[in-house]
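Okay, here's what each chain looks like letter by letter:
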Amino acid sequence: MAPTPNWLRRRGAKPEPQNDALWEMCPSCGERLYKKDLAERLWICSRCGHHFRLHALDRIALLADGDFHELAPLLATGDPLTWSDRMPYANKIAGDRQKSGLLEAVVVGLCTIEGVRTGLGVMDFFFRGGTMGSVVGEKVTLLIEECARQRLPVVLVTASGGARMEEGVIALMQLAKTTAAAERFSALGLPLITVLTDPTTGGVSASFGFQGDVIIAETGAAIGFAGRRVIDQTIRQKLPEGFQSAEFLLEHGQVDMVVRRTELKGALGRLLHFLTDKAVPA
Amino acid sequence: MAPTPNWLRRRGAKPEPQNDALWEMCPSCGERLYKKDLAERLWICSRCGHHFRLHALDRIALLADGDFHELAPLLATGDPLTWSDRMPYANKIAGDRQKSGLLEAVVVGLCTIEGVRTGLGVMDFFFRGGTMGSVVGEKVTLLIEECARQRLPVVLVTASGGARMEEGVIALMQLAKTTAAAERFSALGLPLITVLTDPTTGGVSASFGFQGDVIIAETGAAIGFAGRRVIDQTIRQKLPEGFQSAEFLLEHGQVDMVVRRTELKGALGRLLHFLTDKAVPA
Amino acid sequence: MNVIVELEKPLVELETKIAGLKKLNETQRVDFSAEIAALEEKARQLKLEIFGNPTPWQRVHLARHPKRPLAMDYISALDGFTELHGDRGFRDDPAVVAGYAYLDDLPIFVIGEQKGRDTKDNLYRNFGMPHPEGYRKAQRIMRLAEKFRRPLVTFIDTPGAYPGIGAEERGQSEAIAASLKVLAGLRTPVIVNITGEGGSGGALAIGIGDHIIMLQHSIYSVASPEAAASILWRDASRAEEAAQRLRLTSDELFEFGIVDEVIPEPLGGAHQDPQRVIHDTLAADKQALRKLLRLSQEALVDRRYEKFRRIGAHVELVHDTAAR
Amino acid sequence: MNVIVELEKPLVELETKIAGLKKLNETQRVDFSAEIAALEEKARQLKLEIFGNPTPWQRVHLARHPKRPLAMDYISALDGFTELHGDRGFRDDPAVVAGYAYLDDLPIFVIGEQKGRDTKDNLYRNFGMPHPEGYRKAQRIMRLAEKFRRPLVTFIDTPGAYPGIGAEERGQSEAIAASLKVLAGLRTPVIVNITGEGGSGGALAIGIGDHIIMLQHSIYSVASPEAAASILWRDASRAEEAAQRLRLTSDELFEFGIVDEVIPEPLGGAHQDPQRVIHDTLAADKQALRKLLRLSQEALVDRRYEKFRRIGAHVELVHDTAAR
Ligand SMILES: [Zn+2]
Ligand SMILES: [Zn+2]
């Protein structure tokens, strides 16, 4: 484990992009929102309650008690297919690093949540659509393995378009790798809690996303295996109301609970305490 | 285990009821069938293939290689509720004994099936509608326990209207008792195969009936939890075609296979060999 | 029509009258104390007369009383209950509630069969009759309890598993059979509370445990009296007769050794003092757990095996009385 | 339109011609041997020209060739295959076949993804695209293999899991995630054969094993080329380009260390000599099993863990190049 400087301070060093607008429009109700207010309200629309997608670092700041010791912070893709289409994959990655301030689509580390020492992995949809390639697979695996060693619970917050096409079947194999780690971890009697945020689909939902002992969906998140577009093209019929929404999944028995962002830390803290506290001697 | 005389010889001692008709009508196609022929054809209608309900002893003769050592042959109900309605429960039992030539609704014992030493329990619908009370629960449990001791597979052939009302909640508890035995047996890595025959419903289908590692349904058998009458009364809507038939259950993923009576012994033999033979050293 | 609700009518009238007099007594100068005392004595007598020794059929209606505390009333009385949803396969069944909570300081998982309070709620809860996915949700929670070594506490209150097309299509039998199997081998303490109706396999599916607690006027039966009458005599209207014969009351089941502990109810039933009944039930749960938590997992599962292994009533004949 | 079927047309014509001449040769007095030999040489040349070095896109179509041996062709070649059906919860999914059989004398469980041979059959098999209940049936068979200590052999041939409403409602993600988890920890040898299309998570769900065998012209990909093109460029018509880039051929996957063994196909693809390909595949399965059966359960599962653990391509940077 690399000793990392205080995470929140590090975040402060992130340069505010020059062309950032001051205002953001709510994609749900259309309200024009002042970005600074929005950030203070955890990126929840003050008018309709819509949950904007959250950057990994903001999510960590929201969930961790203050400390966060990042694991494998400098892991970067080896570009196994030496992929290139309109531009080399390496360039796309470089662009995403620039935009997001992250080296890859997941940040993993150890922290405390409401006083419980926990492994925490958070995906970032703004980096390659949160897709899982070698680095995401490796970092999630390293986190789970480290927590197995230290007998700590793991919380994984997903936001992902699935496996990363540019890494081909190597990306697909990350489903197997992370699953194998989760399986071993689970056999030790340790808890894996997953938090599915908007959007969680494909290879991430079909691996560790749905392997949680308890699965929490964030309010309004789109969650599914196949993307809506693929389904539309395949079946060419009207999709049911709320299809693939967190609430739809709850009704169909797929997730344990739907939780608003403002309640998330509390819900996780209670659950972690419940699952890990030594039972009171009777 | 009680050393029992050769089963088939014993069956010969069963007095042919005086008023037995020579002919039987097929409930499926209406064909008038000569009973002696019918018995020779394993009680399968020669015209439409309808499988008549089979007596436990006929079923044992069909499945066992010739030997059958009955367990707990003399177990009889203790009438725990001292039940009586139009007549005392004890009298009903006495009548069923007279009619069926059995002491209770299940016969259990050890035998070989296609050369595999196996525990075999067969229910008889002609004894109290194959209902499960104390004796059925106890005998099935004893069989499973004996096979656990001897590390033998168990085959249970069900035919039952469910738990026996006249033994009240004591009958209900037989679901728990047989399940507990099946669970322990299963944890030893031993195979339980169930064969669901016409009809299998209620407490028997909702306990060991559906606890088989492999579940075979006999062609045309009616299988379900709730009886058709109860469902009709509850929902008052048309039932789908073939509802609760073996074939319906196959389609709905509930049973592994539907097998004709003529193929049953072969199918069981192959399965038992497959599950119990020592793997060939590679 | 609930026969207890009918019987309660004169009592309710009397109690309304007493309440009125009491109010007068406070606001007027005339002293009604004597009249009030007389009426209260009369009410007490009436209660005793009506409820002192309820018949099995009356108990069936006490168990189904619209004001009787429901599973969620017990569960809500625990600390920090959080509901967990879904079978991960088909649907979240509202007839089964499940989650985790604290019984005083003790972390437990809970499962309950939940009826509705009114018609709308009952339609949502399907009158407390689970579908296969309800039992499959329960199995998931049972496994969590085992994995995280937390005791499991269940609350039974169902007429039975739902008899419907979808329930059969999705394997009601398999769902119950699998629940029974999971509970039979579960390596964590299981406490069962029969708080209302314990109907058939649908009740037993969350009813195999190490300590079975039953409320005095709950019922527990191989089938609901109506279903039993229909099965036995093809006549559901003979339910009262079936209730009498089925031995479904707490005292009889305690005698049979099927129920380990009976929680007394106030005169007139649990709904006369829900707080007390809920408190007593949870206190009993806690006490039972305290003992069970001392056992090793192996001892616990062996003990549970023996507990159900011995239930039965059979005799060994000296010779074969069958005609064969 | 299958590009291989198109390419095969002149070859098929030529072969028809040769067959005609051969018949003439037998029945007529004139000797056509020389002509036949010449045409046969031409056919060989044509075959080599067309199929000698198929492009990735051609391989995609070889893998999808309507005459390519399907899962059931391999499974039927085993001794005494008996199909086991159903997920015990919702439906028997015809896109997944499962059961038990003997590989020579070795008792094994098998699971295969099954396409149809014609339109009607394909509708029944859903073009080999499983629903959640297909994966849940597979999990049941995996567990049986573990319980009875029989090896598991799987046959992958699917464009991917079915993207439909019901599939999503019933938890396609959960079904695949659970299958992966069961396979990852399964305490019995698992052999995986990629015999046709290996598409996405729908393939991997029966694809975690101890020895991965791939037919020479099968494909194995993170997504079908059409889906990948649609995801990458929102243009499914650029599938050929995607096929080129995705590195989905057996030689590339063998180089990556993802595939352990490649079964050569006859010139022109497996459908040119199905018997041989099926034989070679099953022989490879047997040989692999022979080795794996020597390992203890622990060693086996550890080995499988390490096998997938090391797949990846990442580097450790010396300093943070992100702008944060
Ligand atoms: Zn808004
Ligand atoms: Zn007929």
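Chemist: Which residues make up the overall build of chain C, and what values do they have?
Modeler: Scanning chain C for helices and strands turns up 14 helices and nine strands. Here the C-alpha radius of gyration of chain C, 22 Å, is about what a compact globule of 324 residues would show, namely 20 Å. In terms of its C-alpha atoms, chain C occupies a principal-axis envelope of roughly 75 × 55 × 40 Å. With 324 residues in all, chain C has 61% of them scored as buried. A sequence separation of at least 24 residues applies to 73% of the contacts in chain C between residues at least 6 apart. Just so you have it, chain C exposes about 12,700 Å², and 52% of that area is on carbon and sulfur atoms. Of the side-chain charges in chain C, 43 are positive and 47 negative, and the distance between the mean point of each set is 3 Å.

Chemist: Tell me about the overall build of chain A, residues and numbers included.
Modeler: If you tally the helices and strands in chain A, you get 10 helices and 10 strands. Taking 282 residues into account, the globule formula puts the C-alpha radius of gyration at 19 Å, and chain A, at 18 Å, falls close to it. Each of the three principal axes of chain A carries a C-alpha extent, and together these read 60 × 45 × 45 Å. Across the 282 residues in chain A, those meeting the buried criterion constitute 62%. Summarising the internal contacts of chain A: among those between residues at least 6 apart in sequence, 69% fall at separations of at least 24. When the accessible surface of chain A is summed, it comes to about 10,400 Å², and 52% of that surface belongs to carbon and sulfur atoms. Distance between charge centres in chain A, computed from 32 positive and 32 negative side chains, equals 3 Å.

Chemist: Kindly report on the confidence of the model for chain A, identifying the contributing residues and their values.
Modeler: Summary statistics for chain A give a mean pLDDT of 92 and a share of 91% for residues scoring 70 or more. A low-confidence stretch, residues 1-19 of chain A stays under pLDDT 50, and its non-local contacts, those more than four residues away or across chains, total 30 contacts.

Chemist: Just give me the short version of the interface of chain C and chain B, but keep the residues and values in it.
Modeler: Contact residues are listed per partner, giving 57 residues for chain C and 73 residues for chain B. With both sides pooled, the region where chain C packs onto chain B buries about 5,700 Å², and carbon together with sulfur makes up 65% of that total. The tally of links between chain C and chain B comes to three salt bridges. In this structure, B:Arg184 engages C:Asp302 in a salt bridge whose closest nitrogen and oxygen atoms are separated by 2.5 Å. Broken down by element, the residue count for the side of chain C that touches chain B peaks at nine residues, all from helix α8 (residues 172-185) of chain C. Looking at the side of chain C that touches chain B residue by residue, the classes come out as 31 nonpolar, 13 polar and 13 charged. In terms of strand pairing, strand β4 (residues 75-77) of chain B meets strand β9 (residues 314-316) of chain C through three bridges, oriented antiparallel. Each bridged residue has a counterpart across the sheet, and for B:Leu75 the counterpart in β9(C) is C:Glu316.

Chemist: Just give me the short version of the sheet that holds strand β5 (residues 106-113) of chain B, but keep the residues and values in it.
Modeler: Residues and elements named next belong to chain B. Reading across from one edge, β3-β5-β6-β7-β8-β9-β10 is the order of the seven strands in this open sheet, with mixed pairing throughout. Strands at the two margins of the open sheet, each flanked by one partner only, are β3 (69-70) and β10 (257-259). The pairing of strand β7 (residues 154-160) with strand β8 (residues 192-200) spans six bridges and is classified as parallel. What sits directly across from Leu156, in β8, is Thr194. Where helix α3 (residues 56-63) meets the sheet, its contacts fall on β5, β6 (116-123), β7, β8 and β9 (214-218), and the angle it forms with β6 comes to roughly 160 degrees.

Chemist: Explain the packing of helix α5 (residues 134-150) of chain A against helix α6 (residues 168-187) of chain A to me, and be specific about the residues and the numbers.
Modeler: Residues and elements named next belong to chain A. Interhelical geometry of α5 versus α6 gives an angle of 10 degrees and a closest axis separation of 9 Å. Accordingly, the angle class assigned to the pair α5 and α6 is roughly parallel. On the side of α5, the interface is formed by Ser134, Gly137, Glu138, Val140, Thr141, Ile144, Cys147 and Ala148, while α6 contributes Ile170, Gln174, Lys177, Thr178, Ala181, Ala182 and Phe185.

Chemist: Please provide a residue-by-residue account of the nonpolar core, values included.
Modeler: Within the largest apolar cluster, 302 residues are counted, with the highest numbers of intra-cluster contacts made by A:Ile216, B:Ile216, C:Phe109, C:Tyr220, D:Phe109 and D:Tyr220. Ignoring sequence-local partners within four residues, the contact set of A:Ile216 consists of A:Ile193, A:Thr194, A:Val195, A:Leu196, A:Met257, A:Val259, A:Leu264, A:Leu268 and A:Leu271.

Chemist: Please provide a residue-by-residue account of the coordination of the zinc ion (ligand 2), values included.
Modeler: Four donors placed tetrahedrally about a metal ideally form angles of 109.5 degrees, and six donors placed octahedrally ideally form angles of 90 or 180 degrees. Residues and elements named next belong to chain B. Surrounding the zinc ion (ligand 2) are the protein donor atoms Cys26 (SG), Cys29 (SG), Cys45 (SG) and Cys48 (SG), which sit 2.3 to 2.4 Å from the metal. Angles of 105 to 113 degrees at the metal separate the four donor atoms of the zinc ion (ligand 2), which places the site in the tetrahedral class. Each donor residue of the zinc ion (ligand 2) lies on the same chain, and together they follow the pattern C-x2-C-x15-C-x2-C. Placement of Cys26 in the loop between β1 (23-25) and β2 (32-34) and of Cys48 in the loop between α2 (35-40) and α3 is noted, with a sequence separation of 22 residues between them. Cys26 sits in the buried class, given a relative accessible area of 1%. According to the relative accessible area criterion, Cys48 is partly exposed, its value standing at 35%.

Chemist: Can you break down the sheet that holds strand β8 (residues 192-200) of chain A residue by residue, with the values?
Modeler: Residues and elements named next belong to chain A. The seven strands lie next to each other as β3-β5-β6-β7-β8-β9-β10, forming an open sheet whose pairing is mixed. A strand with exactly one partner marks an edge of an open sheet, and here the two such strands are β3 (69-70) and β10 (257-259). Two strands pair when backbone bridges link them, and strand β5 (residues 106-113) and strand β6 (residues 116-123) are joined in this way by eight bridges, in the antiparallel orientation. Each residue of the ladder has a partner; that of Ile113, found in β6, is Val116. Together, β5, β6, β7 (154-160), β8 and β9 (214-218) form the strand contacts of helix α3 (residues 56-63), whose direction differs from that of β6 by roughly 160 degrees.

Chemist: Which residues make up the side chain of C:His65, and what values go with them?
Modeler: Residue and element names in this part refer to chain C. Structurally, His65 is set in the loop between α3 (56-63) and α4 (71-76). Under the relative-accessibility criterion, His65 is labelled buried at 4%. For His65, the residues in contact, after removing those within four places along its chain, are Asn2, Ile4, Val5, Glu8 and His271.

Chemist: Hey, could you go over the domain arrangement of chain C for me, with residue numbers and the actual values?
Modeler: All names here are of chain C. You can read the domains of chain C as domain 1 (3-52) and domain 2 (61-310). On a C-alpha basis, the centres of domain 1 and domain 2 stand 36 Å from each other. Domain 1 puts eight residues into the contact, and the matching count from domain 2 is eight residues. Carbon and sulfur atoms make up 70% of the area that domain 1 and domain 2 hide from each other, which totals about 720 Å². Sorting the residues of domain 1 by area buried against domain 2 places Ile4, Lys47 and Phe51 first, and these three jointly supply 51% of that buried surface. Joining domain 1 to domain 2, the criterion identifies zero salt bridges.

Chemist: Explain the domain arrangement of chain A to me, using residue names and the numbers behind them.
Modeler: Residues and elements named next belong to chain A. On domain assignment, one finds that chain A holds domain 1 (22-52) and domain 2 (53-277). Just the C-alpha atoms count here: the centres of domain 1 and domain 2 sit 23 Å apart. The interface of domain 1 with domain 2 comprises six residues on the first partner and nine residues on the second. Here domain 1 and domain 2 share an interface that buries about 660 Å² over both sides, 61% of which is from carbon and sulfur atoms. Ranking the residues of domain 1 by area buried against domain 2 places Leu42, His51 and Phe52 at the top, with a combined share of 75%. Linking domain 1 with domain 2 are zero salt bridges. At the junction of domain 1 with domain 2, the criterion picks out four residue pairs in polar contact (both at pLDDT 80 or more). Taken together, the residues of the side of domain 1 that touches domain 2 break down into four nonpolar, two polar and no charged.

Chemist: Please set out the interface of chain D and chain A residue by residue, giving values where relevant.
Modeler: Taken together, the contacts link 57 residues of chain D with 73 residues of chain A. Both faces considered, chain D and chain A share a buried interface measuring about 5,700 Å² in area, 65% of it formed by carbon and sulfur atoms. The tally of links from chain D across to chain A stands at three salt bridges. With nine residues, helix α8 (residues 172-185) of chain D is the single largest residue contributor to the side of chain D that touches chain A. A class-by-class count of the residues in the side of chain D that touches chain A yields 31 nonpolar, 13 polar and 13 charged.

Chemist: Tell me about the coordination of the zinc ion (ligand 1), residues and numbers included.
Modeler: Residues and elements named next belong to chain A. Protein ligation of the zinc ion (ligand 1) involves Cys26 (SG), Cys29 (SG), Cys45 (SG) and Cys48 (SG), the donor distances falling in the range 2.2 to 2.3 Å. Donor residues for the zinc ion (ligand 1) sit on one chain with the sequence pattern C-x2-C-x15-C-x2-C. Pair noted here: Cys26 is in the loop between β1 (23-25) and β2 (32-34) and Cys45 is in the loop between α2 (35-40) and α3, with a separation of 19 residues, a long-range link. For the pair Cys26 and Cys45, one class covers both residues: buried.

Chemist: Can you break down the pairing of strand β4 (residues 152-158) of chain C residue by residue, with the values?
Modeler: All names here are of chain C. When you tally the buried positions in β4, you get seven out of seven residues, the bulk of the element. Both faces of β4 are covered, namely the face carrying Leu152, Thr154, Ile156 and Thr158 and the face carrying Val153, Phe155 and Asp157. Inspection of the sheet shows strand β3 (residues 106-113) paired to β4 by four bridges, in the parallel sense. Counted as the bridge partner of Ile111 is Thr154 from β4. Looking at chain direction, β4 and strand β5 (residues 190-199) are connected through six bridges and run parallel.

Chemist: I'd like a description of the confidence of the model for chain C, backed by residues and values.
Modeler: Looking at chain C, the pLDDT average stands at 95 and 99% of residues meet or exceed 70. Two summary scores accompany this predicted model of the complex, namely pTM at 0.95 and ipTM at 0.95.

Definitions and cut-offs
- Residues numbered from 1 in each chain as written.
- Chains lettered and ligands numbered in written order.
- Predicted model: local features only at pLDDT ≥ 70, side-chain atom pairs only at ≥ 80, totals over all residues.
- Heavy atoms only, no water.
- Helix = DSSP H or I, 4+ residues; strand = E, 2+ residues; numbered from the N terminus.
- Rg over C-alpha atoms; globule rule 2.2 N^0.38 Å.
- Buried < 20%, exposed > 50% of the residue type's maximum accessible area, 1.4 Å probe, protein only.
- Contact = heavy atoms within 4.5 Å.
- Areas by Shrake-Rupley, 256 points an atom, 1.4 Å probe, with all protein chains shown as cover.
- Lys, Arg positive; Asp, Glu negative; His and termini not counted.
- Charge placed at Lys NZ, Arg CZ, Asp CG, Glu CD.
- pLDDT = per-residue confidence, 0-100.
- Buried area = accessible area lost by both parts, 1.4 Å probe.
- Salt bridge = Lys/Arg side-chain N within 4 Å of Asp/Glu carboxyl O.
- Nonpolar A, V, L, I, M, F, W, Y, C, P; charged D, E, K, R; others polar.
- Pairing = 2+ DSSP bridges.
- Axes fitted to C-alpha atoms, helices over the stretch in contact; angles between N-to-C directions.
- Parallel < 35°, antiparallel > 145°, perpendicular 65-115°, else oblique.
- Core = buried A, V, L, I, M, F, W, Y, C linked by side-chain atoms within 4.5 Å.
- Donors = N, O, S within 2.8 Å, 3.2 Å for Na, K, Ca; no water.
- Tetrahedral: all angles 85-135°; square planar, octahedral: opposite > 155°, others 65-115°.
- Domains from an automatic or database assignment.
- Polar contact = N/O pair within 3.5 Å; in protein donor to acceptor, adjacent residues only side chain to side chain.

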